[in-house]
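Working through the structure, step by step
These are the residues of each chain, in order.
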Amino acid sequence: MRPQDILTPQPAGLYCKPGDFYIDPVRPVARALITHGHSDHARAGHGRVLATQETLDMMQLRHGEGFAAATQSVRYGETLTLGGVTVSFHPAGHVLGSAQIAVTCGATRIVASGDYKDAADPTCAPFEVVPCDVFITEATFGLPVFRHGDAAGEIARLLASVALFPERAHLVGAYSLGKAQRIIALLRAAGFDAPIYLHGAMDSITRYYQSRGIALGELRPATGARKQDLAGTITLAPPAATSDVWTRRFPDPVTAFASGWMRVRARGRQKGIELPLVISDHADWDGLTATIAATGAGEIWVTHGQEDALVHWCGTRGLSARPLALVGYGDEDAEDALPTTASAEGGS
Amino acid sequence: MQSFAHLIDRLAYEPGRTNKLRLITHYLAETPDPDRGYALAALTGALSFKHAKPALIRDLVAARADPVLFALSYDYVGDLSETVALMWPADRRGRNAPPPPTLTEVVDTLATLPKRELPAQLSRWLDDLDETGRWALLKLITGGLRIGISARLAKTAAAQLGGHDPQEVELIWPALAPPYTELFAWLEGRGDKPVSRDPAPFRPVMLAHAIEDADFDKLAATDFAAEWKWDGIRVQAVTGRGDLGVPVTRLYSRTGEDITAAFPDLAPALGHVGAIDGELLVVRERRVQSFNVLQQRLNRKTVTPKLIKEFPIHLRAYDLLAEDGEDLRDLAFMERRARLERFIARLGSARVDLSPLVAFTSWPELAAARADPQSAGAGADSEAIEGVMLKRRAAAYVPGRPRGEWWKWKRDPHIVDAVLMYAQRGHGKRSSYYSDYTFGVWIATESGDQLVPVGKAYFGFTDEELLQIDRFVRANTVARFGPVREVVHEEEQGLVFEVAFEGLQRSTRHRSGVAMRFPRINRLRWDKPPRDADRLETLERMLKAQPAGKPDADAADHDRRQDIGNGPTELL
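About the criteria used
Residues numbered from 1 in each chain as written. Chains lettered and ligands numbered in written order. Predicted model: local features only at pLDDT ≥ 70, side-chain atom pairs only at ≥ 80, totals over all residues. Heavy atoms only, no water. Salt bridge = Lys/Arg side-chain N within 4 Å of Asp/Glu carboxyl O. Helix = DSSP H or I, 4+ residues; strand = E, 2+ residues; numbered from the N terminus. Buried < 20%, exposed > 50% of the residue type's maximum accessible area, 1.4 Å probe, protein only. Pairing = 2+ DSSP bridges. Axes fitted to C-alpha atoms, helices over the stretch in contact; angles between N-to-C directions. Left-handed = near helix turned anticlockwise from the far one by under 90°. Contact = heavy atoms within 4.5 Å. Nonpolar A, V, L, I, M, F, W, Y, C, P; charged D, E, K, R; others polar. Phe/Tyr/Trp six-rings, centres within 6.5 Å; stacked < 30°, edge-to-face > 60°. Disulfide = S-S within 2.5 Å. Parallel < 35°, antiparallel > 145°, perpendicular 65-115°, else oblique. Polar contact = N/O pair within 3.5 Å; in protein donor to acceptor, adjacent residues only side chain to side chain. pLDDT = per-residue confidence, 0-100.

1. Concerning the pattern of salt bridges
Per the stated rule, a full pass over the model turns up 55 salt bridges over all chains. With its nearest N and O atoms 2.9 Å apart, the salt bridge here joins aspartate 75 of chain B to arginine 425 of chain B. Of the two residues, aspartate 75 of chain B sits in helix α5 (residues 67-77) while arginine 425 of chain B sits in strand β13 (residues 414-425), which places them 350 residues apart along the sequence. Owing to a relative accessible area of 48%, aspartate 75 of chain B belongs among the partly exposed residues under this scheme. Of the charged contacts in the structure, one is a salt bridge between arginine 346 of chain B and glutamate 323 of chain B, with a shortest N-O distance of 2.7 Å. Of this pair, arginine 346 of chain B sits in helix α15 (residues 333-347) while glutamate 323 of chain B sits in strand β7 (residues 313-323), placing them 23 residues apart in sequence. One salt-bridge network, held together by shared partners, links Lys117, Asp121, Arg182 and Asp281 of chain A.

2. Remarks on unusual backbone geometry
All names here are of chain B. A cis amide bond, omega -5°, links aspartate 33 with the succeeding residue proline 34. With respect to the element layout, proline 34 can be found in the loop between α2 (17-30) and α3 (35-43). The residue after proline 178, namely proline 179, is reached through a cis peptide bond having omega 5°. Mapped onto the fold, proline 179 is located in the loop between α11 (166-172) and α12 (181-187). Its identity as a non-glycine residue notwithstanding, tyrosine 180 has a phi of 60°, on the positive side. Relative to the helices and strands, tyrosine 180 resides in the loop between α11 and α12. At aspartate 324, a residue that is not glycine, the phi angle is positive and equals roughly 50°.

3. Points about the pairing of strand β11 (residues 385-392) of chain B
Residues and elements named next belong to chain B. Burial runs high along β11: 7 of the 8 residues are buried. Bridge count between strand β2 (residues 224-230) and β11: 7 bridges; the pairing is antiparallel. Looking at the pairing, tryptophan 228 lines up with valine 388 of β11. Note that β11 and strand β12 (residues 406-410) share 5 bridges and pair antiparallel. Paired with glycine 387 across the bridge in β12 is lysine 410.

4. Overview of the packing of helix α6 (residues 80-87) of chain B against helix α9 (residues 131-141) of chain B
Relative orientation and spacing of two packed helices are given, respectively, by the angle between their axes and the distance between those axes. Residues and elements named next belong to chain B. Packing of α6 against α9 leaves a shortest axis separation of 8 Å and a crossing angle of 150°. The way α6 lies across α9 gives a crossing that is right-handed. Taking contact as the criterion, the partners of Ser81, Glu82, Val84, Ala85 and Leu86 in α6 are, on α9, Glu131, Arg134, Trp135, Leu138 and Lys139. Looking at the contact of α6 with α9 residue by residue, the classes come out as 5 nonpolar, 1 polar and 4 charged.

5. Quick notes on the packing of aromatic side chains
With the rule as written, the count across this model stands at 20 aromatic pairs over all chains. Taken together, a centroid distance of 5.6 Å and an interplanar angle of 70° make the contact between phenylalanine 146 of chain A and tyrosine 76 of chain B edge-to-face. With phenylalanine 146 of chain A in the loop between β11 (134-139) and α3 (151-164) and tyrosine 76 of chain B in helix α5, this residue pair bridges two chains. Each member of the pair, phenylalanine 146 of chain A as well as tyrosine 76 of chain B, carries the same accessibility label: buried. When the centroid spacing of 5.5 Å and the interplanar angle of 55° are considered together, the rings of tyrosine 437 of chain B and phenylalanine 497 of chain B count as tilted. Linking tyrosine 437 of chain B in strand β14 (residues 434-445) with phenylalanine 497 of chain B in strand β18 (residues 496-501), this pair joins segments that are 60 residues apart in sequence. Exposure class is identical for tyrosine 437 of chain B and phenylalanine 497 of chain B. Each is buried.

6. Concerning the state of the cysteines
Residue and element names in this part refer to chain A. All told, the structure shown has 0 disulfides over all chains when counted by the stated rule. Free cysteine cysteine 124: the closest other cysteine sulfur is in cysteine 132, separated by 20 Å. Residue cysteine 124 is classed as buried on the basis of its relative accessible area, which comes to 11%. For the unlinked cysteine cysteine 314, the closest cysteine sulfur is that of cysteine 132, found at 12 Å.

7. Quick notes on the packing of α3 of chain B against helix α7 (residues 103-112) of chain B
Residues and elements named next belong to chain B. At a minimum axis separation of 8 Å, α3 and α7 run at an interaxial angle of 70°. Of the possible angle classes, the one that applies to α3 and α7 is roughly perpendicular. The way α3 lies across α7 gives a crossing that is left-handed. Of the residues in α7, those touching α3 at Asp35, Tyr38 and Ala39 are Leu103, Thr104, Val107 and Asp108. A per-class count over the contact of α3 with α7 returns 4 nonpolar, 1 polar and 2 charged.

8. Quick look at the environment of alanine 90 of chain B
Residue and element names in this part refer to chain B. Mapped onto the elements, alanine 90 comes out in the loop between α6 and α7. We classify alanine 90 as partly exposed; its relative accessible area is 33%. Distance from alanine 90 to aspartate 127, taken between C-alpha atoms, is 4.5 Å for residues 37 residues apart in sequence. Setting aside residues up to four positions removed in sequence, alanine 90 forms contacts with Arg64, Asp127 and Arg134.

9. Description of α9 of chain B
All names here are of chain B. Counting buried residues along α9, 11 of its 11 residues qualify, which places the element largely inside the surrounding structure. Buried within α9 we find Glu131, Thr132, Gly133, Arg134, Trp135, Ala136, Leu137, Leu138, Lys139, Leu140 and Ile141. If you check the start of α9, you find a side-chain oxygen 3.2 Å away from the backbone N of threonine 132, and it comes from aspartate 130. A positive backbone phi angle near 75° is found at glycine 143, which sits one or two residues after α9.

10. Quick word on the confidence of the model for chain A
Chain-level pLDDT for chain A is 92 on average; 94% of the residues reach the 70-or-more range. Scored below 50 in pLDDT, residues 335-348 of chain A makes 23 contacts in the model with residues more than four places away or belonging to other chains.

11. Looking at the confidence of the model for chain B
Residues and elements named next belong to chain B. Chain-level pLDDT for chain B is 86 on average; 94% of the residues reach the 70-or-more range. Confidence, read as mean pLDDT per element, is least for helix α20 (residues 561-565) in chain B (33) and greatest for α15 (97). Confidence drops under a pLDDT of 50 for residues 548-572, and excluding neighbours within four residues, the segment shows 51 contacts in the predicted structure. Interface confidence in the predicted complex, given as ipTM, is 0.91; pTM for the same model is 0.70.

12. Concerning the side chain of lysine 155 of chain B
Residue and element names in this part refer to chain B. With respect to the helices and strands, lysine 155 occurs in helix α10 (residues 151-161). Given the relative accessible area of 10%, lysine 155 is considered buried. Filtering out sequence-adjacent residues up to four positions away, lysine 155 remains in contact with Thr44, Val169, Glu170 and Trp173.

This is the structure:
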């Protein structure tokens, strides 16, 4: 069977006809396999959902009980048969519980990698290369200008700034699911052991990470803290909150933003960021190209992001590549709206 | 280089003046000589590297990177140095991971490196630096630092290192040269205060704020003296006694650049020891000529006798900063003025005269004079007047732009309604916005009315308006030419700008035959259909009504004014 007959882009998402399921569908479907818990990939309203336990837990946390009619959890490496295909989930290194989904039909294996990164992350299982015939890669940072560098170095810049401006609060914009917990873990690894303050929208997901055994040290809600007590502290908040009236509770805040987009200066300036931190949960250009090569795939399908450059690069390496027209996926850092749970802040 | 890179990286994002000062002072305290001195030189605009041009950087990246990937990246980032810094494929093969270069190493090497060796040297440095280091290196050597730091701010940060008043640093600054080891020794209490040995030193100039309507309520007319604001070049003419008592005369631009050599006809007129603050003008048959005429005399490689004869240069004096070794800057303006009047009389030169005071007793009276300088005593010179200057009678001469002492009150700009025709993407922080606009006015043609471009503007609007225009451009594009989009401009469909400008000139380069000086977007006229925008005839009438400059002056050359008058400026 040709690869495009095994997995086909459709308006609802990537559809597997021989297995009769969708991967990360953007509309309600009967059977969905979900790569990870970010809202553009993990939507409510499907019939049956197959995902890792963590992803299922996060969907429940975000959408509430009954986000799907039925759920089934799968372990990394476990193989399941669905209709005419077998599927297995493998660590994607993106956020806790994130998975690449390998779909095997006859002798052909396609890996839908979802969002992934090959860089170290203390809050999730490391990315695993899955050899395959067709590799479906994201291209969020699919331009050679995107090189994320060493996250620990960026954390050191944040800490140097805290030391230089002890009378100011440092407000770090970070996506609530994954990025925030990774920043906290990196701060702890760098020896920062003071309490870290959190925006209310991050509270439940961060507690979930802690419940899965990820050590994050002492965390406090920013709401209710006295302004003068926030001098010299670090607070994490959803990116949109860092330009909100919510920030008025902080003494002369230094606004930081942890995102791969911060590599391009205009991006930080447009958002009024003072301290851009290049820390991303997506693979950078070097990561994308190294991963593509490591899978051994001869055919590359490129989705959401800067497809052109990556497709061109594949061509220069003798790989067959094409953009896969899938709509509805964005980069979580680029989302401007506050996550729905922001209402936890109660307009304070 | 890396620590300097981190400094300017952080400064580029930091909006607050106090925080910028803290960052620079911290860097200067932590960084050893001579690196910090070269950093201070870079921040004050005292470094330049003549061989490093953007074309060279393009060549470097072309030799290393896939052209398609470079083009896609450049299009995305919008800034050449930044694109190259980010995507540079470092080649460290066969090299024993050498440490990245220091700022001093870069400055020293480039000072003596033959041009042909520059590409290989730059490539090695780019290999050894990280993304931020590469960005800083490329910005530094191409002279495009643009991080919103004025020389004044950098000097203030240096002064803070030793708890000194920035004024003290300003006063000795002309005697200093990179890497300023003497200065740092004094600031850190390890050495004596450096002294100027220059017999004719530059003194940092005092600048004016633009006055707003609301300011007048807070100011008493009787506290101020007024002068005409001349449309020339601000200069400082200094004469001192050098070795063996030989007089030395120097002419400085407002930033302290020595421009004496360009005006050999003026120096002999400045025989007395003193420092005059004034305006450089061309005067023909006792009439001050417009800036368009003065421009013909500026930035020439060689000053020919013909040029001197055709464009006789004059100095119109409005302040005296020193006389016979006495510093007058602490005196009140009116006291200095009295000294200046005597000084100019003593010079007795037709090349140097006084900028007259404009008599007034109330703001409305001054407003009338400003509106009609010709009848208010300026006579034929009114062509070269762009407004009035207000100077507090009791004010000392304070370098920089002290609040409330000097004000400039320009004549009202001209205004027309024009239609947006083309939009081009900006650079730097505007790289993702269509922020450069070509606009046009209506002319009658055989096939009916058409728009003809009359100018281009890229400022005057707010950030919010920029977003609105950007959205309009993207939603109303009718054609694309590389980075330029043609935007719909029909009689009933299109966007009207109210464009303000300072003057008009005939131009052979524009199809419309006219060119605007300093055009800017004054207002967005969403309410106005393009058919109601102005016609070329309106501009023709304005051109006839305004005092004539040299009729064939080429408007496009006006940018050259920037070269002589301005040092590093704050980022817009």
